[in-house]
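Below, each chain spelled out in residue letters.
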Amino acid sequence: ADFNAMEGVTHTVFHTYTHNPQIDYKQPGTSFGARIGTPFLRGQTWWKHMRELTTYLARCSYMLERGQSTSDVLWYLGDEIGHKPSQKFEFPAGYKYDYCNPDVLLNRLSVENGEIVTPEDLRYRMMWIPDTKRMLPETLEKLQQVIEQGAVVVADAPKSVATLRDAANAEKRFVTAVDAIWGNAKAGEITSVGDGKVLSGVTIDKALAMLEMEADVVGNIRWLHRTTEGADWYFVTPEKESSFKGDVKFHATGRVELWNPATGEMLPVASTTDGEYTTINLDLPRYSSYFVVFETNKKPHKVEAPAELKNSIALNDEWTVEFPEGWGAPAKMTTTQLKSWQDLIEDEEGRSFSGTATYTTTFNLDNVSRGQRIELDLGKVSMIAVVKLNGKEVGTLWYPPYKVDISDYVQKGENTLTVEVTSTWYNRLVYDAGRPEAERKTWTLEGPAANAGYHHSGLMGDVYVKY
(Lines give C-alpha, C1' and ligand atoms only; values in the text may rest on other atoms or scores of the structure.)
Protein backbone atom coordinates (compact mmCIF):
# COMPACT_ATOMS: atom_id res chain seq x y z
CA ALA A 1 0.00 0.00 0.00
CA ASP A 2 2.80 2.44 0.87
CA PHE A 3 4.64 1.65 -2.36
CA ASN A 4 1.49 2.27 -4.41
CA ALA A 5 0.98 5.58 -2.61
CA MET A 6 4.49 6.64 -3.63
CA GLU A 7 3.53 5.85 -7.23
CA GLY A 8 0.55 8.18 -6.99
CA VAL A 9 -2.35 5.93 -5.96
CA THR A 10 -4.55 8.09 -3.76
CA HIS A 11 -7.63 5.95 -3.17
CA THR A 12 -7.76 2.29 -2.10
CA VAL A 13 -10.59 0.05 -3.26
CA PHE A 14 -11.06 -3.48 -1.90
CA HIS A 15 -11.66 -5.85 -4.78
CA THR A 16 -13.31 -7.99 -3.70
CA TYR A 17 -14.87 -9.44 -0.53
CA THR A 18 -15.62 -13.17 -0.46
CA HIS A 19 -18.91 -13.88 1.28
CA ASN A 20 -18.81 -16.94 3.55
CA PRO A 21 -22.33 -17.24 4.99
CA GLN A 22 -21.79 -20.49 6.95
CA ILE A 23 -20.87 -19.38 10.47
CA ASP A 24 -20.10 -22.88 11.78
CA TYR A 25 -18.04 -24.04 8.78
CA LYS A 26 -14.28 -24.59 8.69
CA GLN A 27 -12.13 -21.48 8.64
CA PRO A 28 -10.86 -19.41 6.93
CA GLY A 29 -13.34 -20.28 4.16
CA THR A 30 -13.43 -19.67 0.44
CA SER A 31 -11.24 -16.99 -1.13
CA PHE A 32 -9.99 -16.11 -4.60
CA GLY A 33 -6.79 -18.12 -4.40
CA ALA A 34 -3.40 -17.69 -2.77
CA ARG A 35 -1.89 -15.77 -5.69
CA ILE A 36 -4.61 -13.12 -6.01
CA GLY A 37 -3.89 -10.38 -3.50
CA THR A 38 -4.59 -10.77 0.21
CA PRO A 39 -7.80 -12.69 1.03
CA PHE A 40 -9.96 -10.07 2.74
CA LEU A 41 -12.59 -12.16 4.54
CA ARG A 42 -14.06 -12.48 8.00
CA GLY A 43 -12.66 -15.97 8.59
CA GLN A 44 -9.13 -14.64 8.86
CA THR A 45 -7.47 -14.87 12.28
CA TRP A 46 -6.68 -11.15 12.08
CA TRP A 47 -10.14 -10.01 10.93
CA LYS A 48 -10.95 -8.57 14.36
CA HIS A 49 -8.04 -6.18 13.91
CA MET A 50 -8.90 -5.05 10.37
CA ARG A 51 -9.97 -1.65 11.67
CA GLU A 52 -6.30 -0.87 12.30
CA LEU A 53 -5.45 -1.33 8.61
CA THR A 54 -8.59 0.20 7.14
CA THR A 55 -8.29 3.28 9.38
CA TYR A 56 -4.67 3.62 8.30
CA LEU A 57 -5.66 3.44 4.62
CA ALA A 58 -8.50 5.91 5.19
CA ARG A 59 -6.18 8.46 6.80
CA CYS A 60 -3.68 8.04 3.97
CA SER A 61 -6.36 8.43 1.30
CA TYR A 62 -7.73 11.53 3.01
CA MET A 63 -4.33 13.22 2.92
CA LEU A 64 -3.34 11.96 -0.54
CA GLU A 65 -6.56 13.25 -2.11
CA ARG A 66 -6.20 16.76 -0.68
CA GLY A 67 -4.44 19.58 -2.50
CA GLN A 68 -2.47 19.04 -5.69
CA SER A 69 0.18 16.53 -6.60
CA THR A 70 3.59 18.16 -6.93
CA SER A 71 6.00 16.82 -9.56
CA ASP A 72 8.98 18.33 -11.35
CA VAL A 73 8.84 16.54 -14.69
CA LEU A 74 6.03 15.82 -17.15
CA TRP A 75 6.92 12.61 -19.03
CA TYR A 76 5.29 12.60 -22.47
CA LEU A 77 4.59 8.99 -23.43
CA GLY A 78 4.86 9.61 -27.17
CA ASP A 79 2.50 9.57 -30.14
CA GLU A 80 2.61 5.80 -30.54
CA ILE A 81 1.84 4.59 -27.03
CA GLY A 82 2.26 0.87 -26.57
CA HIS A 83 2.26 -0.77 -23.18
CA LYS A 84 2.66 1.39 -20.10
CA PRO A 85 6.26 2.33 -19.22
CA SER A 86 8.13 0.15 -16.76
CA GLN A 87 7.00 0.80 -13.20
CA LYS A 88 10.56 -0.06 -12.14
CA PHE A 89 12.16 2.78 -14.11
CA GLU A 90 14.83 4.36 -11.92
CA PHE A 91 13.95 8.04 -12.12
CA PRO A 92 16.57 10.42 -10.68
CA ALA A 93 16.48 10.48 -6.89
CA GLY A 94 14.86 13.54 -5.35
CA TYR A 95 12.50 14.23 -8.25
CA LYS A 96 8.99 13.11 -9.24
CA TYR A 97 7.25 12.81 -12.60
CA ASP A 98 3.76 12.47 -14.05
CA TYR A 99 2.77 10.79 -17.32
CA CYS A 100 1.18 12.71 -20.16
CA ASN A 101 -0.59 11.35 -23.27
CA PRO A 102 -1.30 13.04 -26.65
CA ASP A 103 -4.74 14.31 -25.62
CA VAL A 104 -3.30 16.14 -22.62
CA LEU A 105 -0.41 17.56 -24.61
CA LEU A 106 -2.59 18.83 -27.44
CA ASN A 107 -5.60 20.06 -25.50
CA ARG A 108 -4.80 20.67 -21.84
CA LEU A 109 -1.35 22.23 -21.49
CA SER A 110 -0.37 25.88 -21.29
CA VAL A 111 2.66 27.79 -19.99
CA GLU A 112 2.83 30.27 -17.11
CA ASN A 113 6.08 31.83 -15.88
CA GLY A 114 8.12 29.09 -17.51
CA GLU A 115 6.06 26.26 -15.97
CA ILE A 116 3.88 23.80 -17.86
CA VAL A 117 0.37 24.02 -16.40
CA THR A 118 -2.86 22.00 -16.63
CA PRO A 119 -6.39 23.43 -16.12
CA GLU A 120 -6.33 21.89 -12.61
CA ASP A 121 -3.21 23.98 -11.88
CA LEU A 122 -0.81 21.03 -11.84
CA ARG A 123 2.60 22.54 -12.58
CA TYR A 124 5.80 21.06 -14.02
CA ARG A 125 9.23 22.55 -14.44
CA MET A 126 9.97 20.67 -17.63
CA MET A 127 8.76 18.07 -20.12
CA TRP A 128 10.74 14.93 -20.93
CA ILE A 129 10.19 12.89 -24.10
CA PRO A 130 12.46 9.82 -24.07
CA ASP A 131 10.90 8.23 -27.19
CA THR A 132 10.83 10.55 -30.22
CA LYS A 133 11.59 8.26 -33.18
CA ARG A 134 8.28 9.10 -34.90
CA MET A 135 5.98 12.03 -34.12
CA LEU A 136 2.85 13.65 -35.52
CA PRO A 137 3.07 17.13 -37.01
CA GLU A 138 0.39 18.43 -34.63
CA THR A 139 2.42 17.18 -31.67
CA LEU A 140 5.52 18.99 -32.89
CA GLU A 141 3.56 22.18 -33.56
CA LYS A 142 2.17 22.12 -30.00
CA LEU A 143 5.68 21.50 -28.63
CA GLN A 144 6.97 24.45 -30.63
CA GLN A 145 4.18 26.60 -29.21
CA VAL A 146 4.78 25.73 -25.54
CA ILE A 147 8.56 26.01 -25.90
CA GLU A 148 8.36 29.45 -27.51
CA GLN A 149 6.05 30.48 -24.65
CA GLY A 150 8.71 29.51 -22.08
CA ALA A 151 8.59 25.76 -21.49
CA VAL A 152 11.68 23.57 -21.07
CA VAL A 153 11.65 20.34 -23.12
CA VAL A 154 14.21 17.54 -23.02
CA ALA A 155 13.91 15.51 -26.22
CA ASP A 156 15.79 14.47 -29.34
CA ALA A 157 14.55 15.44 -32.80
CA PRO A 158 12.25 12.75 -34.27
CA LYS A 159 13.40 10.85 -37.37
CA SER A 160 10.14 10.54 -39.27
CA VAL A 161 6.49 11.54 -39.32
CA ALA A 162 4.06 9.18 -37.55
CA THR A 163 1.19 9.29 -40.05
CA LEU A 164 0.32 8.57 -43.70
CA ARG A 165 -2.75 10.81 -43.67
CA ASP A 166 -2.34 13.79 -46.00
CA ALA A 167 1.23 12.56 -46.39
CA ALA A 168 2.80 15.40 -48.37
CA ASN A 169 1.38 18.16 -46.15
CA ALA A 170 2.13 16.20 -43.00
CA GLU A 171 5.75 15.76 -44.06
CA LYS A 172 6.05 19.49 -44.77
CA ARG A 173 4.59 20.43 -41.38
CA PHE A 174 6.84 17.84 -39.71
CA VAL A 175 10.03 19.22 -41.29
CA THR A 176 9.08 22.84 -40.52
CA ALA A 177 8.38 22.13 -36.83
CA VAL A 178 11.48 20.00 -36.36
CA ASP A 179 13.63 22.76 -37.86
CA ALA A 180 11.97 25.40 -35.64
CA ILE A 181 12.65 23.40 -32.46
CA TRP A 182 15.95 21.62 -33.14
CA GLY A 183 17.39 23.57 -36.10
CA ASN A 184 19.97 25.33 -33.95
CA ALA A 185 20.24 22.70 -31.24
CA LYS A 186 23.53 20.98 -30.41
CA ALA A 187 23.64 17.67 -28.60
CA GLY A 188 24.55 18.07 -24.95
CA GLU A 189 23.81 21.79 -24.85
CA ILE A 190 20.92 24.04 -23.81
CA THR A 191 19.34 25.80 -26.79
CA SER A 192 16.99 28.78 -26.50
CA VAL A 193 13.84 28.66 -28.61
CA GLY A 194 11.69 31.71 -28.12
CA ASP A 195 11.27 32.14 -24.36
CA GLY A 196 11.89 28.44 -23.73
CA LYS A 197 14.71 25.92 -23.87
CA VAL A 198 15.45 22.63 -25.61
CA LEU A 199 17.96 19.98 -24.52
CA SER A 200 18.83 17.06 -26.75
CA GLY A 201 21.37 14.26 -26.67
CA VAL A 202 21.27 14.05 -22.86
CA THR A 203 19.81 11.72 -20.25
CA ILE A 204 17.18 12.96 -17.83
CA ASP A 205 19.80 12.92 -15.03
CA LYS A 206 22.14 15.07 -17.09
CA ALA A 207 19.35 17.45 -18.08
CA LEU A 208 18.34 18.08 -14.47
CA ALA A 209 21.97 18.83 -13.60
CA MET A 210 22.47 21.15 -16.60
CA LEU A 211 19.30 23.07 -15.76
CA GLU A 212 20.38 23.26 -12.09
CA MET A 213 16.95 22.14 -10.94
CA GLU A 214 16.96 21.66 -7.19
CA ALA A 215 15.74 18.31 -5.91
CA ASP A 216 12.44 18.30 -4.05
CA VAL A 217 13.75 15.84 -1.44
CA VAL A 218 17.32 14.97 -0.49
CA GLY A 219 17.52 11.72 1.50
CA ASN A 220 17.39 7.98 0.97
CA ILE A 221 13.63 7.54 1.47
CA ARG A 222 10.50 7.03 -0.63
CA TRP A 223 8.19 10.04 -0.79
CA LEU A 224 5.27 11.82 -2.45
CA HIS A 225 4.62 15.57 -2.33
CA ARG A 226 1.29 17.39 -2.32
CA THR A 227 0.51 21.05 -1.80
CA THR A 228 -2.32 23.50 -1.22
CA GLU A 229 -2.58 27.15 -0.23
CA GLY A 230 -0.61 27.60 2.98
CA ALA A 231 0.63 24.01 3.28
CA ASP A 232 2.92 21.36 1.79
CA TRP A 233 3.00 17.76 2.90
CA TYR A 234 5.19 14.80 2.05
CA PHE A 235 4.20 11.17 2.54
CA VAL A 236 7.43 9.42 3.54
CA THR A 237 8.42 5.81 4.16
CA PRO A 238 11.75 3.92 4.10
CA GLU A 239 12.96 2.05 1.06
CA LYS A 240 11.33 -1.36 0.64
CA GLU A 241 12.29 -3.94 3.30
CA SER A 242 14.61 -1.48 5.07
CA SER A 243 14.64 1.26 7.70
CA PHE A 244 16.01 4.81 7.66
CA LYS A 245 17.42 7.11 10.29
CA GLY A 246 19.01 10.44 9.48
CA ASP A 247 18.55 13.95 8.10
CA VAL A 248 16.25 14.64 5.15
CA LYS A 249 16.01 17.94 3.26
CA PHE A 250 12.63 19.08 1.92
CA HIS A 251 12.09 21.86 -0.61
CA ALA A 252 9.58 23.62 1.66
CA THR A 253 9.66 25.97 4.63
CA GLY A 254 7.48 26.82 7.60
CA ARG A 255 6.23 25.06 10.74
CA VAL A 256 6.74 21.29 10.54
CA GLU A 257 4.77 18.46 12.11
CA LEU A 258 4.87 14.68 11.79
CA TRP A 259 1.44 13.14 11.28
CA ASN A 260 1.26 9.41 11.90
CA PRO A 261 -1.48 7.80 9.76
CA ALA A 262 -1.34 4.59 11.82
CA THR A 263 -2.18 6.30 15.13
CA GLY A 264 -3.58 9.71 14.20
CA GLU A 265 -0.89 11.49 16.26
CA MET A 266 0.26 14.94 15.07
CA LEU A 267 3.54 15.93 16.70
CA PRO A 268 5.71 19.05 16.24
CA VAL A 269 9.22 18.34 15.02
CA ALA A 270 12.47 20.27 15.25
CA SER A 271 13.83 21.64 11.99
CA THR A 272 16.53 23.84 10.50
CA THR A 273 15.99 26.12 7.50
CA ASP A 274 18.52 26.95 4.80
CA GLY A 275 17.11 29.13 2.03
CA GLU A 276 14.21 27.27 0.40
CA TYR A 277 15.04 23.98 2.16
CA THR A 278 14.11 22.61 5.57
CA THR A 279 16.04 19.75 7.20
CA ILE A 280 14.51 17.42 9.77
CA ASN A 281 15.80 14.26 11.38
CA LEU A 282 13.63 11.25 10.56
CA ASP A 283 13.53 7.86 12.26
CA LEU A 284 11.65 5.49 9.94
CA PRO A 285 11.59 1.89 11.14
CA ARG A 286 10.79 -0.83 8.62
CA TYR A 287 7.20 -0.49 7.28
CA SER A 288 6.60 2.84 9.04
CA SER A 289 5.26 5.93 7.32
CA TYR A 290 4.48 9.56 8.16
CA PHE A 291 3.15 12.73 6.64
CA VAL A 292 5.69 15.55 7.01
CA VAL A 293 3.37 18.57 7.08
CA PHE A 294 4.59 22.15 6.51
CA GLU A 295 2.41 25.12 7.40
CA THR A 296 4.17 27.50 5.06
CA ASN A 297 2.92 30.75 6.62
CA LYS A 298 3.98 29.93 10.20
CA LYS A 299 7.28 30.05 12.01
CA PRO A 300 9.02 26.75 12.89
CA HIS A 301 8.35 25.09 16.23
CA LYS A 302 10.88 25.28 19.02
CA VAL A 303 10.96 21.62 19.98
CA GLU A 304 13.01 20.08 22.74
CA ALA A 305 14.46 16.64 22.15
CA PRO A 306 12.52 13.94 24.02
CA ALA A 307 14.06 12.74 27.25
CA GLU A 308 16.28 9.72 26.78
CA LEU A 309 14.96 6.49 28.28
CA LYS A 310 17.99 5.52 30.36
CA ASN A 311 16.53 2.73 32.48
CA SER A 312 14.97 -0.58 31.51
CA ILE A 313 13.45 -3.61 33.17
CA ALA A 314 13.63 -6.96 31.38
CA LEU A 315 10.39 -8.87 31.83
CA ASN A 316 12.09 -12.25 32.04
CA ASP A 317 10.22 -13.65 35.03
CA GLU A 318 7.49 -16.22 34.51
CA TRP A 319 5.01 -15.71 31.70
CA THR A 320 1.72 -17.59 31.42
CA VAL A 321 0.67 -18.45 27.88
CA GLU A 322 -2.91 -19.51 27.16
CA PHE A 323 -4.22 -21.08 23.94
CA PRO A 324 -7.81 -21.75 22.87
CA GLU A 325 -8.98 -25.35 23.00
CA GLY A 326 -9.35 -27.68 20.06
CA TRP A 327 -6.18 -26.91 18.12
CA GLY A 328 -3.62 -29.19 19.79
CA ALA A 329 -1.89 -26.50 21.85
CA PRO A 330 -1.91 -26.71 25.67
CA ALA A 331 -4.67 -24.74 27.35
CA LYS A 332 -2.08 -23.07 29.59
CA MET A 333 1.68 -23.21 29.95
CA THR A 334 4.38 -21.20 31.73
CA THR A 335 7.79 -20.14 30.50
CA THR A 336 10.63 -17.78 31.33
CA GLN A 337 11.90 -17.78 27.75
CA LEU A 338 9.77 -16.12 25.11
CA LYS A 339 10.15 -18.24 22.00
CA SER A 340 7.94 -18.91 18.99
CA TRP A 341 5.03 -21.27 19.49
CA GLN A 342 6.85 -23.70 17.22
CA ASP A 343 9.71 -23.86 19.75
CA LEU A 344 7.59 -23.77 22.91
CA ILE A 345 5.18 -26.57 22.01
CA GLU A 346 6.29 -30.16 21.48
CA ASP A 347 3.07 -31.67 20.09
CA GLU A 348 3.08 -31.50 16.28
CA GLU A 349 -0.49 -30.31 15.97
CA GLY A 350 0.12 -27.77 18.71
CA ARG A 351 3.19 -26.46 16.88
CA SER A 352 0.93 -25.61 13.95
CA PHE A 353 -1.31 -23.43 16.12
CA SER A 354 -2.74 -20.43 14.26
CA GLY A 355 -4.85 -17.78 15.92
CA THR A 356 -4.58 -15.80 19.15
CA ALA A 357 -2.59 -16.74 22.26
CA THR A 358 -2.65 -14.68 25.47
CA TYR A 359 0.53 -13.87 27.43
CA THR A 360 0.41 -12.63 31.02
CA THR A 361 3.12 -11.51 33.43
CA THR A 362 3.65 -9.04 36.26
CA PHE A 363 6.34 -6.50 37.04
CA ASN A 364 7.05 -3.96 39.76
CA LEU A 365 7.77 -0.31 39.10
CA ASP A 366 8.40 1.92 42.09
CA ASN A 367 11.08 4.45 41.20
CA VAL A 368 9.21 6.53 38.58
CA SER A 369 7.75 10.01 38.92
CA ARG A 370 4.44 11.43 37.77
CA GLY A 371 4.49 12.53 34.13
CA GLN A 372 7.58 10.48 33.33
CA ARG A 373 7.58 8.77 29.93
CA ILE A 374 7.43 4.97 30.17
CA GLU A 375 7.57 2.69 27.15
CA LEU A 376 6.89 -0.99 26.58
CA ASP A 377 9.08 -2.69 23.97
CA LEU A 378 7.81 -6.12 22.92
CA GLY A 379 10.82 -6.81 20.70
CA LYS A 380 10.10 -9.35 17.95
CA VAL A 381 6.43 -10.18 17.39
CA SER A 382 4.55 -12.17 14.78
CA MET A 383 2.20 -10.71 13.84
CA ILE A 384 -0.34 -8.55 15.75
CA ALA A 385 -0.22 -7.70 19.47
CA VAL A 386 -2.94 -6.17 21.65
CA VAL A 387 -1.38 -4.71 24.82
CA LYS A 388 -3.37 -4.46 28.05
CA LEU A 389 -1.98 -3.13 31.32
CA ASN A 390 -3.78 -3.48 34.63
CA GLY A 391 -6.95 -4.47 32.82
CA LYS A 392 -7.00 -1.49 30.45
CA GLU A 393 -6.30 -1.75 26.73
CA VAL A 394 -3.27 0.32 25.72
CA GLY A 395 -3.25 -0.29 21.98
CA THR A 396 -2.86 -2.67 19.04
CA LEU A 397 0.58 -3.06 17.48
CA TRP A 398 0.59 -4.49 13.97
CA TYR A 399 3.92 -3.46 12.42
CA PRO A 400 7.48 -2.88 13.70
CA PRO A 401 8.66 -1.51 15.99
CA TYR A 402 6.36 -3.14 18.53
CA LYS A 403 6.64 -0.33 21.06
CA VAL A 404 3.95 1.62 22.91
CA ASP A 405 3.79 4.41 25.49
CA ILE A 406 2.33 3.03 28.73
CA SER A 407 2.84 6.13 30.89
CA ASP A 408 -0.89 6.60 31.50
CA TYR A 409 -1.50 2.96 32.43
CA VAL A 410 1.36 2.16 34.81
CA GLN A 411 0.78 2.15 38.56
CA LYS A 412 3.31 2.15 41.37
CA GLY A 413 4.03 -1.28 42.69
CA GLU A 414 2.82 -4.40 40.90
CA ASN A 415 1.54 -4.17 37.33
CA THR A 416 -0.18 -6.90 35.35
CA LEU A 417 0.69 -7.02 31.64
CA THR A 418 -1.38 -8.96 29.12
CA VAL A 419 -0.41 -9.34 25.46
CA GLU A 420 -2.72 -11.04 22.98
CA VAL A 421 -0.72 -12.16 19.94
CA THR A 422 -2.43 -13.17 16.70
CA SER A 423 -0.80 -15.04 13.82
CA THR A 424 -2.13 -15.84 10.35
CA TRP A 425 -3.68 -19.18 9.35
CA TYR A 426 -0.50 -20.19 7.53
CA ASN A 427 0.92 -22.83 9.90
CA ARG A 428 -2.37 -24.62 10.45
CA LEU A 429 -2.97 -24.71 6.70
CA VAL A 430 0.46 -26.32 6.25
CA TYR A 431 -0.35 -28.92 8.90
CA ASP A 432 -3.79 -29.70 7.46
CA ALA A 433 -2.40 -29.99 3.94
CA GLY A 434 -0.57 -33.10 5.14
CA ARG A 435 -3.61 -34.64 6.85
CA PRO A 436 -6.41 -36.72 5.36
CA GLU A 437 -9.24 -34.43 4.29
CA ALA A 438 -11.63 -35.86 6.90
CA GLU A 439 -9.21 -34.89 9.71
CA ARG A 440 -8.59 -31.32 8.63
CA LYS A 441 -9.91 -28.51 10.81
CA THR A 442 -9.43 -25.76 8.22
CA TRP A 443 -10.55 -25.29 4.64
CA THR A 444 -9.84 -22.85 1.87
CA LEU A 445 -9.62 -22.99 -1.92
CA GLU A 446 -5.86 -22.82 -2.08
CA GLY A 447 -3.16 -22.76 0.58
CA PRO A 448 0.48 -23.67 1.31
CA ALA A 449 1.78 -27.18 0.63
CA ALA A 450 2.34 -29.78 3.34
CA ASN A 451 6.12 -29.44 2.97
CA ALA A 452 6.14 -25.63 3.05
CA GLY A 453 7.47 -25.45 6.64
CA TYR A 454 6.15 -23.37 9.51
CA HIS A 455 6.50 -19.64 10.08
CA HIS A 456 7.57 -18.50 13.56
CA SER A 457 4.71 -16.97 15.54
CA GLY A 458 4.18 -15.30 18.93
CA LEU A 459 6.38 -13.22 21.23
CA MET A 460 9.95 -14.10 20.34
CA GLY A 461 12.63 -12.49 22.49
CA ASP A 462 13.15 -10.09 25.34
CA VAL A 463 10.42 -7.71 26.44
CA TYR A 464 11.40 -4.49 28.24
CA VAL A 465 9.83 -1.66 30.17
CA LYS A 466 11.92 1.46 29.52
CA TYR A 467 11.78 4.74 31.43
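Right above here is the structure, for reference.
Treat the numbers as computed from the prediction; the structure is a model and nothing was measured.

## Quick notes on the pattern of salt bridges
Here the structure, examined in full by the defined rule, presents 20 salt bridges. Two residues, Arg-108 and Glu-120, come together in a salt bridge whose shortest N-O distance is 2.1 Å. Taken together, the positions of Arg-108 in the loop between α3 (102–107) and β5 (110–112) and Glu-120 in the loop between β6 (115–117) and β7 (123–124) put the pair 12 residues apart, joining distant regions of the chain. On the accessibility criterion, Glu-120 (37% relative accessible area) is partly exposed. One network of salt bridges, in which partners are shared, links Glu-112, Glu-115, Asp-121 and Arg-123.

## Remarks on unusual backbone geometry
In most cases, non-glycine residues show a negative phi, while peptide bonds are predominantly trans. With an omega of 0°, the peptide bond between His-15 and Thr-16 qualifies as cis. Summarising the element assignment, Thr-16 is placed in the loop between α1 (2–6) and β1 (27–28). Going from Ser-382 to Met-383, the amide bond is cis rather than trans, its omega being 5°. With respect to the helices, strands and loops of the structure, Met-383 is situated in the loop between β28 (381–382) and β29 (384–389). Although it is not a glycine, Asn-113 adopts a positive phi angle of roughly 50°. Phi at Asn-390 takes a positive value of approximately 55°, unusual for a residue other than glycine. By secondary structure assignment, the location of Asn-390 is in the loop between β29 and β30 (392–397). The class of Asn-390 is partly exposed, set by a relative accessible area of 24%.

## So, the packing of aromatic side chains
Under the counting rule described, the total for this entry stands at 26 aromatic pairs. Counting every residue linked through ring pairs, the aromatic cluster contains Trp-75, Phe-89, Phe-91, Tyr-97, Tyr-99 and Trp-128. Directly above the aromatic system of Tyr-62 lies the positively charged group of Arg-66, at a separation of 3.9 Å from the ring centroid. The cationic tip of Lys-96 hangs over the ring face of Trp-223; the distance from NZ or CZ to the ring centre is 5.1 Å.

## Focus: the nonpolar core
Soluble, globular proteins show a tendency: their nonpolar side chains are buried together. Phe-323, Tyr-359, Leu-376, Leu-378, Ile-406, Leu-417 and Leu-459 are the most contacted members of the largest nonpolar core, which has 36 residues in total. Residue assignment for this core shows that the elements contributing at least two residues are β24 (319–322), α7 (341–344), β26 (356–365), β29, β30 and β32 (413–422). Counting residues per element, this core draws most heavily on β26, which supplies 4 residues. For Leu-417, the contacting residues outside a window of four places in its chain are Leu-315, Trp-319, Tyr-359, Thr-360, Thr-361, Phe-363, Leu-376, Val-387, Lys-388 and Leu-389. Ranked by size, the runner-up nonpolar core spans 28 residues in total, among them Leu-122, Leu-143, Phe-174 and Val-198.

## What to know about the sheet that holds strand β10 (residues 152–155)
An order of β4-β3-β8-β10-β13-β12 is seen for the 6 strands of this open sheet, with the pairing classed as mixed. Pairing within the sheet leaves two strands with one partner each, and these edge strands are β4 (97–100) and β12 (190–193). Each strand axis lies, on average, 25° off the axis of its neighbour in the sheet, ignoring direction. Sheet topology note: the strand β8 (residues 126–129)/β10 ladder contains 3 bridges and is parallel.

## Here's the deal with a nonpolar patch on the surface
Taken together, the side chains of Tyr-25, Trp-443 and Leu-445 present a nonpolar region at the surface, about 290 Å² in accessible area. Inspection of the secondary structure assignment puts Tyr-25 in the loop between α1 and β1. Among the residues examined, Tyr-25 registers a relative accessible area of 38% and is labelled partly exposed.

## A look at the sheet that holds strand β14 (residues 217–218)
By way of backbone hydrogen bonds, the strands of a sheet pair with one another, either parallel or antiparallel. Taking strand neighbours across the sheet as the criterion, the 4 strands line up as β14-β17-β21-β20 in an open arrangement whose pairing is antiparallel. Looking at which strands have only one partner, the edges of the open sheet turn out to be β14 and β20 (272–274). The sheet contact formed by strand β17 (residues 244–250) and strand β21 (residues 277–284) spans 7 bridges and is antiparallel. Its bridge partner being in β21, Phe-244 is matched across the sheet by Leu-284.

Parameters at a glance
Residues numbered from 1 in each chain as written. Predicted model: local features only at pLDDT ≥ 70, side-chain atom pairs only at ≥ 80, totals over all residues. Heavy atoms only, no water. Salt bridge = Lys/Arg side-chain N within 4 Å of Asp/Glu carboxyl O. Helix = DSSP H or I, 4+ residues; strand = E, 2+ residues; numbered from the N terminus. Buried < 20%, exposed > 50% of the residue type's maximum accessible area, 1.4 Å probe, protein only. Phe/Tyr/Trp six-rings, centres within 6.5 Å; stacked < 30°, edge-to-face > 60°. Lys NZ or Arg CZ within 6 Å of the ring centre and 35° of its normal. Core = buried A, V, L, I, M, F, W, Y, C linked by side-chain atoms within 4.5 Å. Contact = heavy atoms within 4.5 Å. Pairing = 2+ DSSP bridges. Axes fitted to C-alpha atoms, helices over the stretch in contact; angles between N-to-C directions. Patch = residues over 30% accessible without salt bridge, like charges linked within 9 Å, V, L, I, M, F, W, Y side chains within 5 Å. Areas by Shrake-Rupley, 256 points an atom, 1.4 Å probe, with all protein chains shown as cover.

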